Amino acid sequence: MEKELFALLRLGLGNSVPEEENLADFIVLTEDGWRHVIDLAREQGVLGIVLDGIEKCHTDSTDYTETLPQVLRLEMIGEVLQIEQRNRQQMAVIDAVQRRWAEHGIRTMIMKGQAMGTYYPKPEHRSPGDIDCYLFSGERLSVIGYRLSVREGHTDSTDNTDGDGSGYRIGNEVARTFADKVDEGWYKHSQIFYGGQMIENHQYFVHTREGKSSKRLNQLLVELVNGERLSVIDGTGALLPPPMFNALFLTYHAMTHFLEEGLKLKQVLDWAMFLKKDGDKVDWEEFYRICDKFHLRRFADVMNTIAKQYFNVNVNDNKNENENENLDGENPYAEKVLRSTLYDKDYVFSSGEGGWKNRWHIVRNLWKYRWKYHQIYQHSIVRQLWWYATGYLFKTE
């Protein structure tokens, strides 16, 4: 059923048109076949995009999805309406909390989640997770100018001149005045519960307990968001990350999911849509230099190959002066990674476990899927275990 699923995703993303797809495959799809496609889409967090694709599977004379049982179609529509509702709730919470923080001289940058949704034809159909943010605060911050832009509803870009790292601490303190709960039990980010949503206020972008290399990568990402001009999410005063930050952060974030518990297609589509919309704004030569340094290179090649071969996004379509021959999207590990994404369902953080059970699950996955470390990350699992142990025992962030 992967062939039908990918066709619907290409259509739903606007990366293909009905004339380019073999829609006849859908005419002979049985009820069980449709159910399998829908179940897989649900598990992979792409149900809304699949529904968009189904809506495009018809011509003036033929509805190629006529074998889709009405009860399944209605179930999909109902679930997608819930996705839309949760996205609206998250956007309302994002705007509300960024206004609270702005009153105290703090600016809010949204990462992943709703930030990635801005790349999609229908942002409201990207399945949401938690709200991830990074907060800016500092003496050089133009608080008055920012308050005016929020109050007047401006959506132009704004200078980010933070750099002192105090946003995390002050943001948590301010959140205690309006949130239901603020939990600082985890070093990488706090958890702020407000308006029925969980907001992760990031102190670090990466797992900095994993040695000096991870600390250097985190510092590089901090430098990429400081001093840049950041655009604003429409309808809010919240900021969006710059393209070069997104290129590296999305690669790192997706790879850590791949190593620890497995990817989901939602994260693969995030990368594909980022390439489609912002690929021409990335210095690819510098990107690959950094990927080589931090063992991200082979995974980046895999993601580019999947984006090109399965979702019709060719990085070379976005020609710029920094074009790099490594963007051809040809990697022999792509199919293996994609099959792992679809069928290795060994998720850690949605398993209902917590604490040391989660940590043990991660270690168990490390041994079970050690090919990921050897073939993709090109890193020693023994060394990785050492960083896990020393990082968590001695809090080496």
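Here, every reference points to the structure presented above.
What you see is a predicted model, and the numbers here were worked out from it, not measured in a lab. (Residues numbered from 1 in each chain as written. Predicted model: local features only at pLDDT ≥ 70, side-chain atom pairs only at ≥ 80, totals over all residues. Heavy atoms only, no water.)

## Focus: the nonpolar core
In terms of nonpolar packing, the biggest core is built from 116 residues, with Leu9, Trp101, Met109, Phe205, Leu265 and Phe287 touching the most fellow members. Of all the elements, helix α10 (residues 243–260) adds the most residues to this core, at 11 residues. (Core = buried A, V, L, I, M, F, W, Y, C linked by side-chain atoms within 4.5 Å. Buried < 20%, exposed > 50% of the residue type's maximum accessible area, 1.4 Å probe, protein only. Helix = DSSP H or I, 4+ residues; strand = E, 2+ residues; numbered from the N terminus.)

## Remarks on the pattern of salt bridges
On inspection of all chains with the given rule, the structure shows 19 salt bridges. Where Lys122 meets Glu55, a salt bridge forms, and the shortest distance between an N and an O atom there is 3.9 Å. Of this pair, Lys122 sits in the loop between α6 (113–117) and β2 (131–136) while Glu55 is found in the loop between α4 (47–54) and α5 (70–102), placing the two residues 67 residues apart along the sequence. On the accessibility criterion, Lys122 (33% relative accessible area) is partly exposed. We classify Glu55 as partly exposed; its relative accessible area is 42%. (Salt bridge = Lys/Arg side-chain N within 4 Å of Asp/Glu carboxyl O.)

## Digging into the side chain of Thr251
For Thr251, the position within the fold is in helix α10. Residues contacting Thr251, with those up to four places away along its chain left out, are Asn246, Trp271, Phe287, Leu296, Phe299 and Ala300. (Contact = heavy atoms within 4.5 Å.)

## Here we look at the environment of Arg209
Tracing the chain through its elements places Arg209 in the loop between β6 (197–202) and α9 (212–225). Considered as a pair, Arg209 and Glu397 are 188 residues apart in the sequence and their alpha carbons are 4.5 Å apart. Those residues in contact with Arg209, other than ones at most four positions away along the chain, are Trp186, Tyr187, Ser214, Trp387, Gly391, Tyr392, Lys395, Thr396 and Glu397.

## Here's the deal with the packing of helix α1 (residues 2–13) against helix α3 (residues 31–43)
Following both chains from N to C, one finds α1 and α3 inclined at 60°, their axes separated by 9 Å at the closest point. Between α1 and α3, the crossing angle belongs to the class labelled oblique. Judged by the sense of rotation from one axis to the other, the crossing of α1 with α3 is right-handed. Only Trp34, Val37, Leu40 and Ala41 of α3 make contact with α1, whose side of the interface consists of Glu4, Leu5 and Leu8. Grouping the constituent residues of the contact of α1 with α3 by class yields six nonpolar, no polar and one charged. (Axes fitted to C-alpha atoms, helices over the stretch in contact; angles between N-to-C directions. Parallel < 35°, antiparallel > 145°, perpendicular 65-115°, else oblique. Left-handed = near helix turned anticlockwise from the far one by under 90°. Nonpolar A, V, L, I, M, F, W, Y, C, P; charged D, E, K, R; others polar.)

On their own, these measurements won't tell you what the molecule is for.
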